[in-house]
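What the coordinates show
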Amino acid sequence: MDFSLTDEQELLLESVREFCERYFTEDVIKEMYETQKMPDEVAEAYRDMGFGLMGIPEEYGGIPADKVTLGLMIEELYHSSGCNHILYQNSLTMFDIVEFGSPEQIQKCMDAYLETGWPLCSLSISEPGAGSDNRNMSCTAKRQDDGTYRLNGQKTWVTMGEHLPYTIVVAKDEDPSRDNAKMSLWLVNMDRAGISTASLHKIGQQCIPFCEVYFDDVVLTEDDRMGAPGDGFMMLMKNFEVERAFLVAEQVGLAQAALEDAAAYANQRIAFNKPIANFQMIQEKLTEMEIRVQNTRNMLYKTLWELDNGISVQLDSALLKRYGCTECFNVADMALAIYGGLGYTTEVRIGRIWADMRGNMFGGGTPEIMAYIAGRQVAKKYAQ
């Protein structure tokens, strides 16, 4: 096992740190959370520095990078900024588009990103009655006599859905019943007739707007389809394996920021005539925080290495999401406890980090559904 970074990775992380130091000042972050919007100049600078092109094939204007390098970039992006934002979504959505889209769809998405600095599309997956239970989706695309399709249904927790021009929709083919496992992916223009949205109001992740999207007889054609008909569920599972790893990279970065803040505060805060870092209960918290960050980081990069080497991560991605997101949130919780009452105010950033990290536990599958997915795989692994 070689834990060293390449020279290229070291330079990348240094560039990320410089970017965050320049563009993610505390004043800018507070403004983002108040307005629920990131300034265009931040997204444009992220594009201009090439971060949003990482992991995209060179023939489409991207910068080839393995999953381990992408994980390192995402972790440092959240560690150095100390806030939850949307910048790396282009890497995630372009993974789907490159994997499943047509050459025309890929080029359209790349052209739009290079022009604006914002990702072209959101992901419309979850429904009010079908979060972890994907088979219970009722959004359908039904073929018409003229060869077009009619898309009907509702999606929720659509990240940036009100602000990005396209969305990737997962919809059942023809029949909304639970027994129907055939789904397809569609790249849908949000300007089409029959599409409407409604904002969602959250307790965290304030600079990332979420919404519900409603589809009422939205006309689709074969040109809008991504991948083969009926294969949407399997494509969705492939998406989740990558998304879960990237989400944990976010969570590790934020947990590292929370740990550093708490340790620095513990060395400065005086109680009973000594720094609280001298007290055993504080030392125990700091020890637990360090263990959990290190364990999650090790699991993360093992899983990303497996993805890079074509090894199945059906089990490890679920274990990673189950353990990593939960334990990193617990790190933030302990950091808030070290700050005490000050941590529960808006004077320091730990409360913001705490709320943001709690939301990350839902994305890509809840801890509970991860246990369901992983538990079946563990039973099979040791069946003999």
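Residues numbered from 1 in each chain as written. Predicted model: local features only at pLDDT ≥ 70, side-chain atom pairs only at ≥ 80, totals over all residues. Heavy atoms only, no water.

Another aspect to go through is the overall build of the protein. A count of helical and extended segments in the protein gives eleven helices and ten strands. Each principal axis of the C-alpha atoms in the protein carries an extent, and together these give about 80 × 55 × 40 Å. Every one of the 384 residues in the protein was classed for burial, and the buried ones make up 54%. A separation threshold of at least 6 residues defines the contact pool for the protein, and within that pool the share at least 24 residues apart is 73%. For the protein, the exposed area adds up to about 17,800 Å²; of that, 50% sits on carbon and sulfur atoms. Charge-centre separation for the protein: the mean point of 34 positive side chains lies 7 Å from the mean point of 58 negative side chains. (Helix = DSSP H or I, 4+ residues; strand = E, 2+ residues; numbered from the N terminus. Buried < 20%, exposed > 50% of the residue type's maximum accessible area, 1.4 Å probe, protein only. Contact = heavy atoms within 4.5 Å. Areas by Shrake-Rupley, 256 points an atom, 1.4 Å probe, with all protein chains shown as cover. Lys, Arg positive; Asp, Glu negative; His and termini not counted. Charge placed at Lys NZ, Arg CZ, Asp CG, Glu CD.)

In this section: unusual backbone geometry. Here the phi dihedral of Trp157 falls at roughly 55°; this positive angle occurs in a residue that is not glycine. Judged by its relative accessible area of 46%, Trp157 falls in the partly exposed class. Despite not being glycine, Gln205 shows a phi value in the positive range, around 50°. In this structure, Gln205 sits in the loop between strand E6 (195–200) and strand E7 (210–220). Looking at Gln205, the relative accessible area reads 7%, which means it is buried.

Further remarks concern the packing of helix H7 (residues 232–268) against helix H8 (residues 280–308). It is at 10 Å that the axes of H7 and H8 come closest, and there the two elements cross at 155°. Judged by the angle between their axes, H7 and H8 are roughly antiparallel. Crossing geometry of H7 relative to H8 is assigned as left-handed. Within the contact of H7 with H8, the residues separate by chemical class into 18 nonpolar, two polar and three charged. (Axes fitted to C-alpha atoms, helices over the stretch in contact; angles between N-to-C directions. Parallel < 35°, antiparallel > 145°, perpendicular 65-115°, else oblique. Left-handed = near helix turned anticlockwise from the far one by under 90°. Nonpolar A, V, L, I, M, F, W, Y, C, P; charged D, E, K, R; others polar.)

Of the strand pairs in this sheet, strand E2 (residues 140–143) and strand E3 (residues 149–159) are connected by four bridges, and their pairing is antiparallel. Bridge pairing links Ala141 to Leu151 in E3. Hairpin connection from E2 to E3: five residues lie between these consecutive antiparallel strands, with Gly147 at a positive phi of about 90°. Judged from the two bridges that link them, E2 and strand E4 (residues 166–173) form a sheet pairing that is parallel. Each bridged residue has a counterpart across the sheet, and for Thr140 the counterpart in E4 is Lys172. (Pairing = 2+ DSSP bridges.)

Counting buried positions along strand E5 (residues 183–189) yields six of seven residues, so the element is predominantly enclosed. Where E4 meets E5, seven bridges bridge the pair, whose relative direction is antiparallel. By the bridge assignment, Ile168 is partnered in E5 with Leu187. As paired strands, E5 and strand E8 (residues 225–226) are joined by two bridges and run antiparallel to one another.

We now examine the nonpolar core. Phe19 and Phe24 are the most contacted members of the largest nonpolar core, which has 104 residues in total. A per-element tally of this core places H7 first, with 18 residues. The contact partners of Phe19, leaving out residues within four places of it in the chain, are Phe24, Val42, Ala45, Tyr46, Met49, Phe51, Leu77 and Leu87. (Core = buried A, V, L, I, M, F, W, Y, C linked by side-chain atoms within 4.5 Å.)

Throughout the structure, instances matching the rule amount to 15 salt bridges. In this structure, Glu26 and Arg352 form a salt bridge, with 2.9 Å as the shortest nitrogen-oxygen distance. With Glu26 in helix H2 (residues 26–35) and Arg352 in helix H10 (residues 350–360), this pair connects stretches of sequence that are 326 residues apart. Taking the relative accessible area as the measure of exposure, Glu26 reaches 32% and is therefore partly exposed. The buried category is assigned to Arg352, whose relative accessible area is 15%. Put simply, Asp133 and Arg178 hold a salt bridge, and the shortest N to O gap is 2.7 Å. In this pair, Asp133 is assigned in the loop between strand E1 (121–124) and E2 and Arg178 in the loop between E4 and E5, connecting sequence segments 45 residues apart. (Salt bridge = Lys/Arg side-chain N within 4 Å of Asp/Glu carboxyl O.)

This is a description of form; function is not addressed.
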